[in-house]
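Read off the chains here:
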Amino acid sequence: MRFKRFNQILNILTSSTLGVFLGHSIYIYRDYQTRPDLYDMQSAPWYTSILMYGISALTVLAVCFLLKAIIYKKSKDWQNK
């Protein structure tokens with residue numbers, strides 16, 4: 001039962017991470033399309049923050065999927081006992 005609850009929490013965390021990444025990416029792209037001169041003043045490319053969010057999101061997703069794999073293995077062991 002506790003594995004099921006923890007799995008639900010990981011599903012929510014995974015969905016939220018993807019949603020925040022997509023929302024941020026769309027916002028930055030639309031802002032760049034609207035005001036490209038603002039981004040031309042920066043030394044970094046306009047998509048740098050999207051890349052940083054992407055790396056953070058991939059890290060969180062990797063941890064979530066690793067924990068989900070561990071939960072799946074533990075729940076299989078739990079059912080076999």
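Below: a short report on this structure. For clarity, every value in this text was computed on a predicted model and none was experimentally measured. (Residues numbered from 1 in each chain as written. Predicted model: local features only at pLDDT ≥ 70, side-chain atom pairs only at ≥ 80, totals over all residues. Heavy atoms only, no water.)

Here the focus is the overall build of the chain. Within the chain one finds three helices and zero strands. Walking the chain from its N terminus toward its C terminus, one meets helices and strands in the order α-α-α. C-alpha extents for the chain along the principal axes are approximately 65 × 20 × 10 Å. When burial is assessed residue by residue, the chain has 19% of its 81 residues classed as buried. If you sum the accessible surface of the chain, you get close to 6,500 Å²; carbon and sulfur atoms cover 66% of it. (Helix = DSSP H or I, 4+ residues; strand = E, 2+ residues; numbered from the N terminus. Buried < 20%, exposed > 50% of the residue type's maximum accessible area, 1.4 Å probe, protein only. Areas by Shrake-Rupley, 256 points an atom, 1.4 Å probe, with all protein chains shown as cover.)

For the rest of this paragraph, the subject is helix H1 (residues 2–34). The first and last C-alpha atoms of H1 sit 48 Å apart over 33 residues, in line with the 48 Å expected at 1.5 Å per residue. When H1 is considered as a whole, its buried residues turn out to be Leu10, Thr14, Thr17, His24, Ser25, Ile28 and Asp31. (Expected span 1.5 Å × (residues − 1).)

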